[in-house]
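# Topology and contacts: notes
As a plain string of letters, each chain reads:
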Amino acid sequence: VLSACTTASPEGDNLAWATKLNRQGIDAMIVSPFPIPADYAVRLALEFGAAVHGARDAGATPTFLELFRNATRASAAYFRAKYGEGVAYDEFALEFVVAGDPSLRLCAHP
């Protein structure tokens, strides 16, 4: 998991690292063309990892997109519990783009 803001911005050379990762075999990424609050980016990365671990523990093989959706829901729930209902935390997920193949599946855990 790599968390860096504005990685999908068309300005400057921001896409160079994503292109290089793709050439090295990374077939799906979650990127944002916008600055993201650091606390949200950190929480999303943690929740994505938790979604992977939860799926493995359950013997499930969700898609990359399903893992992303689970992570964004869990992130929104975390911030609602921490700060209350005043902000639409679910909308932070709209700041991201799944680049590549969202249908990739998590490998079955032996």
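Structure shown above.
Cut-offs and rules
- Throughout, residues of each chain are indexed from 1 in the direction in which the sequence is written.
- Reporting of local features is limited, given that this is a predicted model, to residues whose pLDDT is at least 70; pairs of side-chain atoms are given and counted only at 80 or more, and all residues count toward the totals for whole chains, interfaces and linings.
- Computation of side-chain values: all heavy atoms of the structure, hydrogens and water removed.
- Labels follow the DSSP assignment, with helices taken as runs of H or I lasting at least four residues and strands as runs of E lasting at least two, numbered in each case from the N terminus.
- Only protein chains enter the accessibility calculation, which uses a 1.4 Å probe. A residue is then buried if its area is under 20% of the maximum for its type, exposed if over 50%, and partly exposed in between.
- In what follows, a contact means two residues having at least one pair of non-hydrogen atoms within 4.5 Å.
- A carboxyl oxygen of Asp or Glu within 4 Å of a side-chain nitrogen of Lys or Arg is what we treat as a salt bridge.
- We define the nonpolar core as a collection of buried residues of types Ala, Val, Leu, Ile, Met, Phe, Trp, Tyr and Cys that are connected through side-chain atoms lying within 4.5 Å of one another.
- In this scheme, a helix's expected span is set at 1.5 Å multiplied by one less than its residue total.
- The directions from the helix axis to the C-beta atoms are what the arc is built from.
- Planes of paired rings set the category: under 30 degrees apart is stacked, over 60 is edge-to-face and the rest tilted, where pairs are Phe, Tyr or Trp rings (Trp by its six-membered ring) whose centres lie within 6.5 Å.

### Structural notes on the side chain of T63
Structurally, T63 can be placed in the loop between α2 (38-58) and α3 (64-83). Classification of T63 as buried rests on a relative accessible area of 10%. Those residues in contact with T63 that sit more than four places away from it in its chain are P102, S103, L104 and R105.

### Here's the deal with the pattern of salt bridges
In the structure shown here, the tally under the stated rule is three salt bridges. Two residues, R43 and E47, come together in a salt bridge whose shortest N-O distance is 3.1 Å. Here the residue R43 and the residue E47 both occupy positions in helix α2, the gap between them amounting to four residues, near one helical turn. Summarising the burial analysis for this pair, R43 and E47 share the class buried. Here D90 ties to R80 by a salt bridge, and the two come within 3.3 Å at their closest N and O atoms. With a gap of 10 residues between them, D90 in the loop between α3 and β2 (97-100) and R80 in helix α3 connect regions that are remote in the sequence.

### Topic: the nonpolar core
With 16 residues, the main nonpolar core has I36, Y40, L44, F48, F68 and F96 as its most contacted residues. For this core, the elements supplying multiple residues, two or more each, are α2 and α3. Sorting elements by how many residues they give to this core places α3 first, with six residues. Beyond its immediate chain neighbours, meaning those up to four positions away, L44 contacts F68, A71, T72, S75 and F96.

### Things to note about α3
The terminal C-alpha atoms of α3, which comprises 20 residues, lie 28 Å apart, in line with the 28 Å expected from a rise of 1.5 Å per residue. F64, L67, F68, A71, T72, S75, A76 and F79 are the residues of α3 that are buried. For α3, the buried positions fall inside an angular range of 165° around the axis, keeping them on one side. Buried residues in α3 make contact with β1 (28-31), α2 and β2. Within two residues after α3, G84 carries a phi angle of roughly 95°, on the positive side.

### Re the environment of P102
Mapped onto the elements, P102 comes out in the segment after β2. Remark: the alpha-carbon pair of P102 and E66, spanning 36 residues in sequence, is separated by 8.4 Å. When neighbours within four sequence positions are excluded, P102 is seen to be in contact with T63, F64 and L65.

### Examining the packing of aromatic side chains
Within this structure, the stated rule accounts for seven aromatic pairs. Seen from their ring centres, F68 and F96 are 6.3 Å apart, and the 70° between their planes marks the pair as edge-to-face. With F68 in helix α3 and F96 in the loop between α3 and β2, this residue pair connects regions lying 28 residues apart in the sequence. Judged by its relative accessible area of 7%, F68 falls in the buried class. For F96, a relative accessible area of 15% translates into the label buried.

No statement about biological role is implied by the geometric values presented.
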